[in-house]
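Inside the fold
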Amino acid sequence: MLTIGALAKRTGTKVQTIRYYETIGLMPPPQRTEGGQRRYDQGELDRLAFVRHGRQLGFSLEAIRELLDLADNPAQSCAEADSIAQRQLKQVEDRIARLQVLQVELKRMICDCSHHSVAQCRVLEVLRDHSECLTDHDNIGA
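Residues numbered from 1 in each chain as written. Predicted model: local features only at pLDDT ≥ 70, side-chain atom pairs only at ≥ 80, totals over all residues. Heavy atoms only, no water.

So, about the overall build of the chain. A tally of regular secondary structure across the chain gives 6 helices and 2 strands. Helices and strands in the chain line up, N terminus first, as α-α-β-β-α-α-α-α. Here the C-alpha atoms of the chain give a radius of gyration of 23 Å, more than 25% beyond the 14 Å that 2.2 N^0.38 yields for 142 residues. The principal-axis extent of the C-alpha atoms belonging to the chain is close to 70 × 40 × 20 Å. Within the chain, buried positions represent 27% of all 142 residues. In the chain, the proportion of contacts linking residues at least 24 apart, taken out of those at least 6 apart, comes to 45%. Counting every atom, the chain has about 9500 Å² of accessible surface; 55% of that belongs to carbon and sulfur. (Helix = DSSP H or I, 4+ residues; strand = E, 2+ residues; numbered from the N terminus. Rg over C-alpha atoms; globule rule 2.2 N^0.38 Å. Buried < 20%, exposed > 50% of the residue type's maximum accessible area, 1.4 Å probe, protein only. Contact = heavy atoms within 4.5 Å. Areas by Shrake-Rupley, 256 points an atom, 1.4 Å probe, with all protein chains shown as cover.)

Right, let's get into the nonpolar core. Counting residues in each nonpolar core, the largest one holds 19 residues, and the members touching the most others are Leu7 and Ile18. Setting aside chain neighbours within four positions, we find Leu7 in contact with Leu2, Ile18, Tyr40, Leu45 and Leu48. (Core = buried A, V, L, I, M, F, W, Y, C linked by side-chain atoms within 4.5 Å.)

Bringing the pattern of salt bridges into the picture now. In this structure the tally under the stated criterion is 7 salt bridges. The salt bridge involving Arg38 is made with Glu22; its shortest N-O contact spans 2.9 Å. Of this pair, Arg38 sits in strand E2 (residues 38–39) while Glu22 sits in helix H2 (residues 15–23), placing them 16 residues apart in sequence. The residues Arg38 and Glu22 share a single accessibility class, namely buried. (Salt bridge = Lys/Arg side-chain N within 4 Å of Asp/Glu carboxyl O.)

What follows is about a nonpolar patch on the surface. Together, Val118, Leu124 and Leu127 give the surface a local cluster of nonpolar side chains, amounting to about 290 Å² of exposed area. Secondary-structure assignment places Val118 in the loop between helix H5 (79–112) and helix H6 (122–128). On the accessibility criterion, Val118 (61% relative accessible area) is exposed. (Patch = residues over 30% accessible without salt bridge, like charges linked within 9 Å, V, L, I, M, F, W, Y side chains within 5 Å.)

We now examine the confidence of the model for the chain. Close inspection of predicted coordinates is inappropriate for parts of the model with low pLDDT. Predicted confidence across the chain gives a mean pLDDT of 90, with 96% of residues reaching 70 or more. Mean pLDDT per element in the chain: H6 is the minimum at 81, and H2 is the maximum at 97. (pLDDT = per-residue confidence, 0-100.)

Further remarks concern the side chain of Thr11. By the element assignment, Thr11 lies in helix H1 (residues 4–11). A polar contact is formed between the side chain of Thr11 and the backbone oxygen of Leu7, at a distance of 2.9 Å. If we ignore the near neighbours within four places in the chain, the residues touching Thr11 are Leu45, Leu48, Ala49 and Arg52. (Polar contact = N/O pair within 3.5 Å; in protein donor to acceptor, adjacent residues only side chain to side chain.)

This is how it looks when you write it as structure tokens:
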């Protein structure tokens, strides 16, 4: 049995985050000692590691909740898990597309800057006037 501090250390999760996950139901209420201290077993360690890894992959808490529900019922088809992962992949691809456009725009802004005075600063000009941009990055990946 692990204390909340040991669980936090083993998973790289903050104690406050573990308590939050308990509050929102991603983690089950922990067992408690007679003195009221939380105690966690291997199953809870595995569950928290699952949640943490899902967050690292960018899954929303709601998507992780759906995946945990599926994991808790192993006889089900994994088609829903695939669907959830596909949604996440689409969101990541959209973000990458937006970031690539922003990268091009920022590089252009920096390269076009003459590095003289603020009055002639291309970076500031482009930031003041969106029409100076080559792309409509507001709507990319949205």
